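Working through the structure, step by step
Each chain, written out:
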Amino acid sequence: MDLTTFLVQCLNALQYGLLLFLVASGLTLIFGIMGVINLAHGSFYMIGAYMAYALSPIVAATFGGGFFAVLLVGLLLSVVLGYVLEWAFYSYLYEREHLQQVLMTYGLILVFEELRSLLVGDDVYGVKVPAVLDGSLPLGELMTYPVYRLFISAVCLLLALGMTIRAGSTNREMVQSLGIDIKFLYRVVFAAGVAIAALAGMVAAPVSSVYPGMGNQVLIICFVVVVIGGIGSIKGALIAALLIGVVDTFGKVLLPQASGVLVYLLMAAILLWKPDGLFKAG
Amino acid sequence: MTRTKKFKLSFLVAAAAALALPSAMAQAPKKLKVGLMLPATGTFAVLGTAVENGFKLYVAEQGGKLGGREIEYVKVDDESDPSKAVDNVNKLIKRDNVDVLIGSVHSGVAMAMAKSAKDSGTLLIVPNAGADAVTGPMCAVNIFRSSFSNWQPGYAMGQAMAAKGHKTAVTITWKYAAGDEIARGFKEAFEKAGGKVTKELNLPFPNVEFQALLTEIAAAKPDAVFSFFAGGGAVKFVKDYAGAGLKKSIPLYGAGFLTDGTLEAQGADADGVLTTLHYADALNTPRDNSFRLAYAKAYKMQPDVYAVQGYDAAQMLGIGLTATKGDVSKKDEFAAALRKATIDSPRGAFTISKAHNPVQDIYLRQVSGKENKLVGVASKSLLDPGRGCRM
C-alpha cells in the first residue's frame, strides 16, 4: 500500500467512524440516561432515510425548498415522533426489566418495517445529492472524493464535538437533585436521541440509498459501538466508532477473509480488558 | 322434428348427462396440487409475486389445465428464511400432499427444498434461485430449474470481457454462496481466454461500506471491474463507484442482477454499465412481445426476468405432464420428456441439460435510459457443467 492509498483509506475510516458515531450516539444517550435498551433505534435511522426520500417532493411542492429544507422538516418531524413515542410507549418501560424492553422495542421494529412496506413499498430508492455539494475532489491518480461525503463528515464532526461538550452535564442524580422535571427531561432526551438517528439516516440517504431492512443492519454495529465505548458514554461512543471505522476499513483491505468478524473480535478483546467498555458513564 | 320432440330429446340428453355426471366426475383426473413456496413478505416479496404471476399466466393461457389436469394452488410464504425452509417445505409435502413444488427465490431456501424433494421424491421446479448445487451435487431425476445457475452469467461475462480486449480484471462481490459462484464462473472463462484476475475483493453479506475496496480498485488499476451485488447493495455500489470517479477510468461490468429492478434508484450513475443475464429489456421477438402484452394485460404491470422464469416453470411442468398424461409419479418419463424438449420461452428457446438446468443464450446488456438494452449474445447456448451431478 503506497502513501496516497494509505491516506485515502484513513479518510475512509474516519468518515465511516463518524457516521457510526452519529447513529450510535442517540442509542447510548437513551441507554445511558434512561436505561432503556432500544432495539428500535435502527428503525429511526431507517425512518430518517425514508423521510429524505419521501419528503423531498412534498417539501419541494409546498415550500419550494431543496435538500436542506427536507432536513429541517425531517428533523422537526422526528422530534415530534420521538416525543410521542416516549409518551405512548417508552415512558412505561423505565421501571421494567430489560426483557420487556427488548420485547416491546423489537415489536416496534416490526411495526415500523411493515408501515414502511405499506407506505413506500419494498423497492430500493435513490436520493439525489443536493446540487451545491454534488462535486468531487481529485484524490490520487484515478480516484475522486465526493464533496458530499466530506459534508457528512463535517455534520458528524460538529455534532460529535457539541455532544461531547454537553455530555458532562447530563448526570442523572445531579439533574434530579436540581429539581428539574425528570419526566419532561426524559421526553426531551428521547426525542433528541430519535432526532439524531433520523438525522444520520437523512444525511446518509444520498450515498446509501434507501432500502428495506437498512435500519437493522445499522443497529447491530451501533450496539457494538455502545458496548465498546461503555454504556452511556458519549466520549466512549466517539472513540469506539472511530476505532471500528479503522478496524473495518483496514480489515477489509488487509485481511479480507476475516473482515466480517474483526469488529467483533475487537469488541471481545476490549471487553476482556475492560468489561464495562472503555468509558463507563456514571 | 317438432318443437316438443326436440324438447323431449334434449331433455333426455340432459337427463342422461345428469345421470352420467357422478361417474364422469369420479373418472376425471383429480386436480393437480401445485405447492407454491415463494416469498410473499420481506425484501424478495416483489420477486415472489412476479414468479407466481408468470406461472399462473401460462396456466391460464392453457385454460387452467396442464397435461389434462386442472391445477389447484397451495401457497406458503417462505419469507426467504432458510431457517424456516425445512418446516415450510414439509408442510407442503406432508400436510398438503402437493404433487409439485415450485420455489424459491432465495438460494438457501431452494437448497432446503431440493433436499426435501430429493428425499421425498416430490417433483420440484426452481423458478429463480441460482445456487449451482441445485443442478450440481444436489441434482435428482425429479428436480428441475427454469432460471439459471450462478455460474452461467459469470462465465458468459468472462467470455464477453475477454472478447472486448480486457487483459486484467478485479472482481468484487459479497462473500456468500451466490457471490462466490458468480465470481468463480467469471474467473474460469476470463482466464481461459487469456485474461488475468489480479484481485478478488469481497465483503461480508450484506455489508455496503464499499469505500475501502473502491480505494483498493483505484490502487490496483485493472482494465475492468466485474461485480455482483443485488438490491440495495447494487444501488449503493453503482452509485459509489461513480461517486469515486472510477467509472470514467475503469469500466464496470456485472452479473445482470446489478442493474435489474434497481435502475430507477441508480439513475444516471448506471448508464453504460454492461451486464450479462438470460433476459433483457426490448428483446423484440414475437414470442417476447406477445408474452409482455399478455402479462401487462393480466397484471397491469410490466413483466421482468422473474415473471419469465415463473412462466417457463409452468411450461416445463406442462411438457412433463403431457408426456406422462398427467401422472407425476412417472418421474423417469417426465424427465426424459423435458430433456428432449425445447422450451419456447419469452427469453428465447432453451433446452434442459442432463443435470436439469436451462441450456440458454446469455445476453450482453447495456444500461441506457433506465433500461437494460440488448447489445448482443454474450454466450450462445451456454451449458452449465453441472459439476458434481450424478444421476
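Residues numbered from 1 in each chain as written. Chains lettered and ligands numbered in written order. Predicted model: local features only at pLDDT ≥ 70, side-chain atom pairs only at ≥ 80, totals over all residues.

1. Thoughts on the overall build of chain B
What chain B contains, in helices and strands, is 13 helices and 15 strands. Radius of gyration (C-alpha) of chain B: 24 Å, near the 21 Å computed for a compact globule of 391 residues. If you line up chain B on its principal axes, its C-alpha atoms span 95 × 45 × 35 Å. In chain B, 71% of the contacts between residues at least 6 apart in sequence involve partners at least 24 apart. (Helix = DSSP H or I, 4+ residues; strand = E, 2+ residues; numbered from the N terminus. Rg over C-alpha atoms; globule rule 2.2 N^0.38 Å. Contact = placed C-beta atoms within 7 Å.)

2. Looking at the overall build of chain A
The helix and strand inventory of chain A stands at 10 helices and two strands. Along chain A, helices (α) and strands (β) appear in the sequence α-α-α-α-β-β-α-α-α-α-α-α when read from the amino end. Principal-axis analysis of the C-alpha atoms places the extent of chain A at approximately 60 × 55 × 35 Å. Going through the 282 residues of chain A one by one, you find that 46% of them count as buried. (Buried ≥ 20, exposed ≤ 12 C-beta atoms within 10 Å, placed from the backbone.)

3. A look at unusual backbone geometry
Residues and elements named next belong to chain B. Between G103 and S104 the backbone carries a cis peptide bond, its omega angle lying at 0°. Along the chain, S104 falls in the loop between β4 (100-102) and α4 (107-120). With phi around 45°, K221 is a residue other than glycine that occupies positive phi space. Tracing the chain through its elements places K221 in the loop between α7 (211-220) and β9 (224-228). Here K221 falls in the partly exposed class, since 13 other C-beta atoms lie within 10 Å of it. Even without being glycine, S381 reaches a positive phi, approximately 40°. Tracing the sequence through the fold places S381 in strand β15 (residues 371-382). A residue is classified by how many C-beta atoms lie within 10 Å of it, and S381, with 14 of them, is partly exposed.

4. Side note on the environment of K91 of chain B
Residues and elements named next belong to chain B. As for its placement among the helices and strands, K91 is situated in helix α3 (residues 82-95). Under the C-beta neighbour-count criterion, K91 is labelled partly exposed, with 15 such atoms within 10 Å. If we skip the residues at most four places from it in the chain, K91 touches V76 and D96.

5. A look at the packing of helix α1 (residues 3-34) of chain A against helix α8 (residues 214-229) of chain A
All names here are of chain A. Viewed as axis vectors pointing N to C, α1 and α8 meet at an angle of 65°, and their least axial separation amounts to 9 Å. Crossing hand, α1 versus α8: right-handed. Facing α1, whose interface residues are L20, V23, A24, L27, T28 and F31, α8 presents V218, I221, C222, V225, V226 and G229. Here the contact of α1 with α8 is built from residues that sort into 10 nonpolar, two polar and no charged. (Axes fitted to C-alpha atoms, helices over the stretch in contact; angles between N-to-C directions. Left-handed = near helix turned anticlockwise from the far one by under 90°. Nonpolar A, V, L, I, M, F, W, Y, C, P; charged D, E, K, R; others polar.)

6. Description of the pairing of strand β14 (residues 358-368) of chain B
In the case of a regular strand, side chains alternate between the two sheet surfaces. Residues and elements named next belong to chain B. Here four bridges tie strand β11 (residues 274-277) to β14, and the two strands are oriented antiparallel to one another. Of the residues in β14, the one forming a bridge with L274 is Q366. Pairing analysis gives two bridges linking strand β13 (residues 350-352) to β14, with the strands arranged antiparallel. The partner of I352 across the bridge, within β14, is P358. (Pairing = 2+ DSSP bridges.)

7. Concerning the domain arrangement of chain B
Residue and element names in this part refer to chain B. Partitioning chain B into structural domains gives domain 1 (32-148 + 282-356) and domain 2 (151-277). Using only C-alpha atoms to locate each centre, domain 1 and domain 2 end up separated by 29 Å. Considering only residue class, the side of domain 1 that touches domain 2 consists of three nonpolar, three polar and two charged. (Domains from an automatic or database assignment.)

8. Considering the nonpolar core
When a protein is soluble and globular, its nonpolar side chains tend to lie buried together. Counting residues in hydrophobic clusters, the biggest one holds 211 residues, and the most contacted among them are A49 and V225 of chain A together with L101 and M113 of chain B. Viewed by domain, this core spans two of them, domain 1 (32-148 + 282-356) and domain 2 (151-277) of chain B, each represented by three or more residues. Filtering out sequence-adjacent residues up to four positions away, V225 of chain A remains in contact with L20, A24, A237, A240, A241 and I244 of chain A. (Core = buried A, V, L, I, M, F, W, Y, C linked by C-beta atoms within 7 Å.)

9. Looking at the interface of chain A and chain B
Taken together, the contacts link 30 residues of chain A with 32 residues of chain B. Only α1, β2 (143-146), α8, α9 (234-254) and α10 (259-273) of chain A provide two or more residues apiece to the side of chain A that touches chain B. Among the elements that make up the side of chain A that touches chain B, the one with the highest residue count is α1 of chain A (five residues). Split into classes, the residues belonging to the side of chain A that touches chain B amount to 12 nonpolar, 14 polar and four charged.

10. A short note on the pairing of strand β1 (residues 136-139) of chain A
Residue and element names in this part refer to chain A. Bridge count between β1 and β2: four bridges; the pairing is antiparallel. Bridge assignment links L137 to a residue of β2, and that residue is Y145. Between β1 and β2, which pair antiparallel in sequence order, lie three residues; one of them, G140, sits at a positive phi of approximately 70°.

11. Regarding the sheet that holds strand β2 (residues 65-66) of chain B
Sheet strands pair by backbone hydrogen bonding; their relative direction is either parallel or antiparallel. All names here are of chain B. What the six strands build is an open sheet, ordered β2-β3-β1-β4-β5-β6; its pairing is mixed. Edge positions in the open sheet fall to β2 and β6 (143-145), since each of these has one partner strand only. Direction of pairing for β4 relative to strand β5 (residues 123-126): parallel, over a ladder of three bridges. The residue bridging L101 from the neighbouring strand is L124, located in β5. The sheet strands contacting helix α2 (residues 45-61) are β1 (32-38), β2, β3 (69-77) and β4, and the helix crosses β1 at an angle near 160°.

12. Re the environment of N38 of chain A
Residue and element names in this part refer to chain A. Looking at the element boundaries, N38 is found in the loop between α1 and α2 (41-62). In this structure the C-alpha to C-alpha distance between N38 and I109, which are 71 residues apart in sequence, comes to 9.9 Å. Leave out the neighbours within four places in its chain, and N38 touches L27, I30, F31 and T105.

13. As for the packing of α1 of chain A against α7 of chain B
With their axes 9 Å apart at the nearest point, α1 of chain A and α7 of chain B run at an angle of 165° to one another. On the basis of their axis angle, the class for α1 of chain A and α7 of chain B is roughly antiparallel. As for the relative orientation of α1 of chain A and α7 of chain B, their crossing is right-handed in sense. In this structure, α1 of chain A contributes T5, V8, Q9, N12 and Y16 of chain A to the contact, and α7 of chain B contributes Q211, A212, T215 and A219 of chain B. A per-class count over the contact of α1 of chain A with α7 of chain B returns four nonpolar, five polar and no charged. (Parallel < 35°, antiparallel > 145°, perpendicular 65-115°, else oblique.)

14. Focus: α4 of chain B
Residues and elements named next belong to chain B. Taking 1.5 Å per residue as the helical rise, α4 with its 14 residues ought to reach 20 Å, and the 20 Å between its terminal C-alpha atoms agrees with that figure. Regarding α4, the residues found buried are S107, V109, A110, M111, A112, M113, A114, S116 and A117. On its buried side, α4 packs onto β1, α3, β4, β5, β6 and α6 (177-192). (Expected span 1.5 Å × (residues − 1).)

15. A short note on the environment of V253 of chain A
Inspection of the secondary structure assignment puts V253 of chain A in helix α9. Once the C-alpha coordinates of V253 of chain A and I30 of chain A are considered, the two residues, 223 residues apart in sequence, prove to be 34 Å apart. Excluding residues within four positions of it along the chain, V253 of chain A makes contact with Q9 of chain A together with A212 and E216 of chain B.

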